[in-house]
Amino acid sequence: QIGTGSTQNRGLEALLTGVPIETNKFKWTASLNLTSISNKILEIDGSGSESQQLGLGTYRPLNANTALIKGMPGPQIMAYDYVYNSQGKIVVDASGIPVQAASRTPMGSVLPNLYGGLNNEFRYKNFNLSFLVDYRFGNKVLSATNYYTIFRGLNQMTLVGRETGVVADGVTTDGSVNTVNVPAQTYYQGLARRISALNVLDGSFIKLRQITLGYSIDPKIFGKSPIKAIEVSLVCRNLLTLLKHTDNIDPEAGFSSTLGYAGIEGNSLPATRTYGFNLNVKF
């Protein structure tokens, strides 16, 4: 168990349901669920101590982690950012690779602040068709996959300078423009090791979660049999991702949904679609 101390949650949950169209043979029912929540860590460990931070989980590269931070939404992803000069330029060292910040800084919570879904159901005579679109916004993902794609030259960003070398867009510690040309492999592996903020991704998404197509057999055909109704349906899940900001992973991928590892992804397999057949018999 992980003691979080004291946590404050404030939010709003709403469910809107309506029937836009209804006739003798056709009916369209729509429902929208929306949850908006604001989370804040008030105390760490619940002991009344002066502790400001409680480390939680990490990923295999070990250059970032999640933590509860007093006064902030939790858990936060803690990662190393670039070092910037007073003009906002990235600082590069003598080797031509950006300098890592002295300490890890909060990069955002792994918990969404807005989530819900939109469900539509259409009925025509004995047929019914429904589909569910769900969404999640405002959460971050710490991705080991992203780290390894940069480190191993599989990420699209590593195409820059692959043949000619990389001259980082930045300045040296004395403020002069960087001119050091670094072989691509050396540059991107050094960058991946130092700047773990590159692996903090926007976990927001919109997905076509489920489609169901069903048919209800007319109960008249059962006569005096004990069967009252039969409905058959095809069900498809995880059909399509309509929006996401994680180019190489499913934004829902992760080690575990437990607090310690929530929001941490590591070399996950692609999401799968599922197809099923349901038979519902009522007596």
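This write-up is about the structure you can find in this document. (Residues numbered from 1 in each chain as written. Predicted model: local features only at pLDDT ≥ 70, side-chain atom pairs only at ≥ 80, totals over all residues. Heavy atoms only, no water.)

### A short note on the pairing of strand S5 (residues 76-79)
Item 1. Side-chain alternation along S5 places Gln-76 and Met-78 on one buried face and Ile-77 and Ala-79 on a second face that is also buried.
Item 2. The turn joining strand S4 (residues 64-69) and S5, which pair antiparallel and follow one another in sequence, is formed by six residues; a positive phi near 90° is taken by Gly-71.
Item 3. Of the pairings in the sheet, the one linking S5 to strand S6 (residues 105-109) comprises three bridges and is antiparallel in character. Across the sheet, residue Met-78 finds its bridge partner in S6, namely Pro-106. (Buried < 20%, exposed > 50% of the residue type's maximum accessible area, 1.4 Å probe, protein only. Helix = DSSP H or I, 4+ residues; strand = E, 2+ residues; numbered from the N terminus. Pairing = 2+ DSSP bridges.)

### Details of the side chain of Asn-39
Item 1. Structurally, Asn-39 is set in strand S2 (residues 26-43).
Item 2. Among the residues examined, Asn-39 registers a relative accessible area of 15% and is labelled buried.
Item 3. Side-chain polar atoms of Asn-39 contact the side chain of Asn-9, separated by 2.9 Å.
Item 4. Sequence-distant contacts of Asn-39, defined by excluding residues within four places in its chain, comprise Thr-7, Gln-8, Asn-9, Met-72, Pro-73 and Gly-74. (Polar contact = N/O pair within 3.5 Å; in protein donor to acceptor, adjacent residues only side chain to side chain. Contact = heavy atoms within 4.5 Å.)

### As for the pattern of salt bridges
Item 1. Within this structure, the stated rule accounts for seven salt bridges.
Item 2. The shortest N-O distance in the salt bridge between Glu-252 and Lys-207 comes to 2.7 Å. Of the two residues, Glu-252 sits in the loop between strand S12 (229-244) and strand S13 (264-265) while Lys-207 sits in strand S11 (residues 205-216), which places them 45 residues apart along the sequence.
Item 3. Taking the relative accessible area as the measure of exposure, Glu-252 reaches 34% and is therefore partly exposed.
Item 4. The salt bridge partner of Glu-252 is Arg-209, with a shortest N-O separation of 3.0 Å. Taken together, the positions of Glu-252 in the loop between S12 and S13 and Arg-209 in strand S11 put the pair 43 residues apart, joining distant regions of the chain. (Salt bridge = Lys/Arg side-chain N within 4 Å of Asp/Glu carboxyl O.)

### Considering the packing of aromatic side chains
Item 1. Across all of its chains, the model carries ten aromatic pairs by this definition.
Item 2. Ring geometry for Trp-28 and Phe-122: centres 5.6 Å apart, planes at 25°, overall stacked. Residue Trp-28 is found in strand S2, and its partner Phe-122 is found in strand S7 (residues 114-124); the two are separated by 94 residues along the sequence.
Item 3. A relative accessible area of 25% places Trp-28 in the partly exposed class.
Item 4. Ring centres 6.3 Å apart and planes at 25° place the aromatic pair Phe-122 and Phe-131 in the stacked group.
Item 5. Taking relative accessible area as the criterion, Phe-131 reaches 27% and is therefore assigned partly exposed.
Item 6. Cluster of aromatic residues (ring-pair linked, three or more members): Phe-26, Trp-28, Phe-122 and Phe-131.
Item 7. Seen from the ring of Phe-205, Lys-207 lies directly overhead, with NZ or CZ sitting 5.2 Å from the centre. (Phe/Tyr/Trp six-rings, centres within 6.5 Å; stacked < 30°, edge-to-face > 60°. Lys NZ or Arg CZ within 6 Å of the ring centre and 35° of its normal.)

So far we have only geometry, and geometry alone does not tell us how the molecule works.
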